[in-house]
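# Results of the structural survey
Chain by chain, the residues run as shown.
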Amino acid sequence: MLSRVANNLFWIGRYMERSYGILLATKISFSKSQDYNDAINNNGALKENFSLKLQHQIFDAFHPNSVFSLTFKARENCRSIQEEVSRELWLCINNNYLFQKKIAKEHMLDDDPLKLVDDLLLQSYLYYGIADLTQERGSAFCFMNCGKYLERIFRMLHFLENNLLSNKDNKDLLVESIYWKNLLLSIGGYQLYLRTYKSEFKIENIVDMLVFNKSFPHSIYYSINKLETHLLRLSTDNVSNNQLLFLMGKLESFVKYTTLENIFENKLEVFINRLETDLLEISTKFNERYFSNY
Amino acid sequence: MDSNCFTNEYLLNNGFVDEMFASATQVRNQYQFLCDELKNTPQEILLKKEALTKKMFESQGVTFTVYNDGEGVEKIFPFDIIPRIIDAIEWERIEKGIQQRLKALNLFLKDIYHEQFILKDGIFPVDLVANCPYYLKEMIGLHVPNDVYVHISGVDLIRHSDGEFYVLEDNLRTPSGVSYVLENREISKRIFPDIIPKSKVRPVSNYPNLLHKKLCGFVSSKNPEIVLLTPGMYNSAYYEHATLARLMGISLVEGNDLVVKDHFVYKKTIAGLVKIDVIYRRVDDEFLDPLYFNPTSVLGVPGLLSAYQKGNVVIVNAPGTGIADDKATYVYVPEMIKYYLNEEPILKNIHTYQLGNPEELDHVLKNIQQMVVKKTDGSGGYGMLIGSAATAKEIEEYIAAIKKNPRNYIAQPIIKLSTAPCLINGKLAPRCVDLRPFAITGVDGTTIIPGGLTRVALKEGSLVVNSSQGGGSKDTWVLA
C-alpha cells in the first residue's frame, strides 16, 4: 500500500473519531446548560448561547476542529483513495459531508438545535457500522482503526485531565450526581456505569471504568488492546516492525499491571502524563515507520 | 410582528382559578419569563415545536397501553408544551404538607398492623378495617424495616377555587407517572432552550439516583441487590418500569425470573442464582405471591411473602398499604395527622361523604347533580359518576348500584379544579389541571422531587384528567 494512502486512511479514522467525540460532548453540554442550579450556573449567569456555540463547534469552516472541518478533511482524504475503501464507506462519508453542507446553508438550526446534533450523531454511528460491516480486514482497515483508537485514547486522557484533576469541594449531592451523570453521558458510559456501580458517584469508580474496563469500548485499556491488535496485523508485512511493537507492548503491560491504588498513590496526573508521553512516542514511531516515504 | 399564541383576552373560566393568569390580562410572577418568550414566539414556530414533541415521544418509545374491551392499544400520552409553573413559596408548603401526610400515614400503617391504638381510641372505625380488602392479615404484627411501609407515593393535589391546594387522593400502592416527569422535562429543555435556567427551574433528573440511594438505605450490605418487579410488557406502565430500571442500573425482572429458596429470594442468572435484597415491585399485592393471595397469579413469586415475613427481603412498597389509600380511609387522614403528630394538617382534604353512613347517603342522593361519586376500590377514573354531566338514565342506574352496596362508594362535591393555559389549535386556552408530586421515603425521611406530573383534561370543560380518560400531561416547573 502507498504511504500516502495509508496516511489518508489513518487520518480518516482520527477525524471521524474526533468529530464523534465532539458531537457527543456538544449534546450533553446542551442538556447541562438547560439544568438550572445555582452551583452549576453561577448565580443564574447563563453559559454562552447554545446556538452560537453550536455554530462554532459544528459548522465553523474556519475552525480546524469543527465537525464540519473534520468531516470535510475526512472526505477529502477518502475521495483520493476511494479504490482502497468499500464503496459503501466512501458514500457514507460523502453523504455525511453533503448533509452538513446543506444544513449549514439552510440554517436549520433555528427550531431545535439538538435535533441536528442527533442527526449528525446518527451519521457517526452509521459510519462505524458501515466500516465494520463492509470493509475487508486488510491493511486499509487496520490503518483506519489505528487512527480511530489512537484518537480515542487521547480523547479519554484529555477527558480525565480536564474533568477529574481539578479538586471539587462542592459537597452538594444533587449537584454532584448531575455533574457526574453529564460527564459520563458525554463519553457514552453512563448506562454501563449505573449497571456496574449503581448511583454512587466516586472518582475512583470513574477512573476504574475509563482506564481499566475491559468491555467498555471507550476505555483506555480496551483501546490500547485494539491498537496493539491492528499494529500486529500490519506487521505481517515484509518490513519488520519491532521497535513499534516493543513500545506498544510496553504500554499495554504498563496499563495492565497498574492498579487503581497505584494510580492514586502516585497521583492521577502522573499516570496521565506517562501515558501521553508513551503514546506520543508510539505515534511518532508509527509515522516514521509507515508514512516517512510520503 | 407575527401573530403569537396569545388571544386578545385569555378566557378565564368563571369561578376557576388559573395558574398563569391572575386576571384576563395580568400574568402571575412565576410565569413572567415564559410569557415573554411565548410573546416573542410566532405561532407557526410554536406549532412546529408542538409537532416535534409528538415525534420525540414516538421515537423515544414513550407510550402507554390503554385497555378497552380486553384489547390493548399503545398510545402516546398527549403532552401540552406550555409548562405549569409553581413558585418556591408555594412548593415549600406542598413539600411540607406531603411530608407531614406521609409521616402520619406510615404511623397509621404501623399502628393498624400492630397495637391498633387508633381503633381503640375510636378515631378510626373498626369496620373500615374489617371490611377493607386491602387490609392484609399476613402483615399483622410484622416488623417492616425502619417502620417504613410507604416508600414511594404520588399524592394527587388539586387547587380549589379558593386558591389553596387540596389532597384529592393518596396513591400509596404502586403510583405511576414519574417517568413522564423525567421525559417531559427533557422535551421542555429542547423546545424552550434557555428558559429553564433563566427561570431557575429546579432539576428533576436525579430522581432515579435518589430512589436508588434511598432503597439502599434499608439494607445493611454494602452493595445491595435491588430489582424492579414488573407485571410485564403488557402492563400499561411498562415503559416506566423499563426506564426506571435503566436509570437506576438495576435488573427489570418478571415473576418468573425470581425464585424463593429456603425463604430467600433469588434471581435466575446465567451465573446461577443471585440473592435479592430489595424488590421495588410494580405488581399489586393481590398478585405478589400465589401461595397467599390470588392463587392463579403468574405475575408473582411463590413463597415471596414468607421470605418477606422472615425479614430476608425488603418489598417496596410494603404489602398491605392499600388500607391507607382506600378512598374510605382518606376521610380520616386529617384526624390521623392530629392523632399521631399532634399537628394541624398543612394540606386540606376535600369534604367527602361516606355513603356507608345512611345520613350522608341520603344527602348525596338528594344533591347528586352537584356530586362526584366514586367507587372506593376504583382507580384510573373508571366507574365514577359526575352528577352534572350524567344523563338521568345514567344517574338512575348508578344510584341503583350504590344502593346495593353503599359502603363501596364515596361522594365529593364537584370541585372546580384550577385551569392552566394549554396550546389548543395554536392559541392559549384554559384547561383543568391537577398535580401529582412524587415522594420517596427512606430511613432519613421523605424527599419530594421538585416537580411532578401535572395532568390536564384536554377536553374543554372536562374535569377528568386521567390518561385513560383522554387526559394529557404538562411539564411541571418548580422555581428555586
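Scroll up a little and you will see the structure.
Note that the structure is a prediction, hence the values are computed from the model and not measured.

### A few points about the overall build of chain B
The number of helices and strands found in chain B is 16 helices and 24 strands. A compact globule built from 480 residues would reach a C-alpha radius of gyration of about 23 Å, and chain B, at 23 Å, matches this within 12%. The C-alpha extent of chain B, read off along each of the three principal axes, is 75 × 60 × 45 Å. Buried residues in chain B amount to 57% of all 480 residues.

### A word on helix α14 (residues 333-341) of chain B
Residues and elements named next belong to chain B. Those residues of α14 not exposed but buried are Val333, Pro334, Met336, Ile337 and Leu341. Angularly, the buried residues of α14 cover 155 degrees about the axis, an arc narrow enough to put them on a single face. Where the residues of α14 are buried, they touch α3 (88-112), α4 (117-120), α13 (327-330) and β14 (348-349). Remark: Asn342 follows α14 within two positions and exhibits a positive phi of approximately 55 degrees.

### Points about the interface of chain A and chain B
Taken together, the contacts link 25 residues of chain A with 29 residues of chain B. Of the roughly 2600 Å² buried between chain A and chain B on both sides combined, carbon and sulfur atoms contribute 53%. The interface formed by chain A and chain B holds one salt bridge in total. Across the salt bridge formed by Asp118(A) and Arg190(B), the nearest N and O atoms sit 3.2 Å from each other. Among the elements of the structure, α1 (3-33), α6 (113-134), α8 (173-185) and α9 (190-197) of chain A are those that each provide at least two residues to the side of chain A that touches chain B. Residue composition of the side of chain A that touches chain B, by class: nine nonpolar, eight polar and eight charged.

### Description of the sheet that holds strand β21 (residues 438-442) of chain B
All names here are of chain B. What the three strands build is an open sheet, ordered β4-β21-β22; its pairing is antiparallel. Each having just a single partner strand, β4 (152-154) and β22 (445-448) make up the two edges of the open sheet. Taking each pair of neighbouring strands and ignoring which way they run, the sheet shows an average axis angle of 25 degrees. Sheet topology note: the β4/β21 ladder contains three bridges and is antiparallel. By the bridge assignment for β21, Ser153 is matched with Ala439.

### Quick look at unusual backbone geometry
Residue and element names in this part refer to chain B. Asn317 follows Val316 through a cis peptide bond whose omega is -15 degrees. Looking at where Asn317 falls in the secondary structure, it is placed in the loop between β13 (314-316) and α12 (322-325). The phi dihedral of Asp147 is positive, around 55 degrees, even though this residue is not glycine. Residue class for Asp147 comes out partly exposed when judged on its relative accessible area of 28%. In this structure, Asn342 is a non-glycine residue whose phi angle is positive, near 55 degrees.

### Regarding the environment of Leu172(B)
Residue and element names in this part refer to chain B. Mapped onto the elements, Leu172 comes out in the loop between β6 (165-169) and α6 (178-191). The exposure class assigned to Leu172 is buried, which follows from its relative accessible area of 0%. Through-space distance from the C-alpha of Leu172 to that of Thr7 is 41 Å; in sequence the pair is 165 residues apart. If near-sequence neighbours (up to four positions away) are discounted, Leu172 is found in contact with Leu102, Leu105, Val150, Ile152, Ser153, Asn317, Thr321, Ala324 and Asp325.

### Quick look at the packing of aromatic side chains
This structure, assessed with the given rule, holds 28 aromatic pairs over all chains. Arranged with centres 6.4 Å apart and planes meeting at 45 degrees, the rings of Tyr180(B) and Tyr239(B) form a pair that is tilted. Of this pair, Tyr180(B) sits in helix α6 while Tyr239(B) sits in helix α9 (residues 238-248), and the two are 59 residues apart along the sequence. Considered together, Tyr180(B) and Tyr239(B) belong to a single accessibility category, that of buried residues. Taken together, the ring pairs in this structure connect Phe10(A), Trp11(A), Tyr15(A), Phe143(A), Phe286(A), Tyr290(A) and Phe291(A) into an aromatic cluster. For the cation-ring pair, Arg137(A) lies above Phe141(A), with the distance from its terminal atom to the ring centre recorded as 4.1 Å.

### Regarding the sheet that holds strand β7 (residues 226-229) of chain B
Residues and elements named next belong to chain B. Within the open sheet, the four strands sit side by side as β8-β7-β12-β13. Their pairing is parallel. For this open sheet the edge positions go to β8 (251-253) and β13, each flanked by a neighbour on one side alone. Each neighbouring strand pair of the sheet contributes to a mean axis angle of 25 degrees, computed without reference to strand direction. The sheet strands contacting α9 are β7, β8 and β12 (278-281), and the helix crosses β8 at an angle near 150 degrees.

### With respect to the nonpolar core
Counting 88 residues, the largest nonpolar core has Tyr127(A), Leu210(A), Val211(A), Ile220(A) and Phe286(A) as the members making the most contacts within it. Apart from residues lying up to four places away in sequence, Leu210(A) is in contact with Met156(A), Phe159(A), Leu160(A), Ile187(A), Phe216(A), His218(A), Ser219(A) and Ile220(A). Among the nonpolar cores identified, the runner-up in size contains 72 residues, and Met139(B), Tyr330(B), Ile337(B) and Ile350(B) belong to it.

### Let's talk about the side chain of Lys181(A)
Here Lys181(A) is to be found in helix α8. The buried charged residue Lys181(A) lacks any salt bridge, with Glu186(B) as its nearest oppositely charged partner at 5.6 Å. Discounting residues that sit within four places of it in the chain, Lys181(A) has contacts with Tyr190(A), Phe201(A) and Ser205(B).

Cut-offs applied
- Residues numbered from 1 in each chain as written.
- Chains lettered and ligands numbered in written order.
- Predicted model: local features only at pLDDT ≥ 70, side-chain atom pairs only at ≥ 80, totals over all residues.
- Heavy atoms only, no water.
- Helix = DSSP H or I, 4+ residues; strand = E, 2+ residues; numbered from the N terminus.
- Rg over C-alpha atoms; globule rule 2.2 N^0.38 Å.
- Buried < 20%, exposed > 50% of the residue type's maximum accessible area, 1.4 Å probe, protein only.
- Arc of directions from axis to C-beta.
- Contact = heavy atoms within 4.5 Å.
- Buried area = accessible area lost by both parts, 1.4 Å probe.
- Salt bridge = Lys/Arg side-chain N within 4 Å of Asp/Glu carboxyl O.
- Nonpolar A, V, L, I, M, F, W, Y, C, P; charged D, E, K, R; others polar.
- Pairing = 2+ DSSP bridges.
- Axes fitted to C-alpha atoms, helices over the stretch in contact; angles between N-to-C directions.
- Phe/Tyr/Trp six-rings, centres within 6.5 Å; stacked < 30°, edge-to-face > 60°.
- Lys NZ or Arg CZ within 6 Å of the ring centre and 35° of its normal.
- Core = buried A, V, L, I, M, F, W, Y, C linked by side-chain atoms within 4.5 Å.
- Lys, Arg positive; Asp, Glu negative; His and termini not counted.

That is the geometry; function is a separate question.
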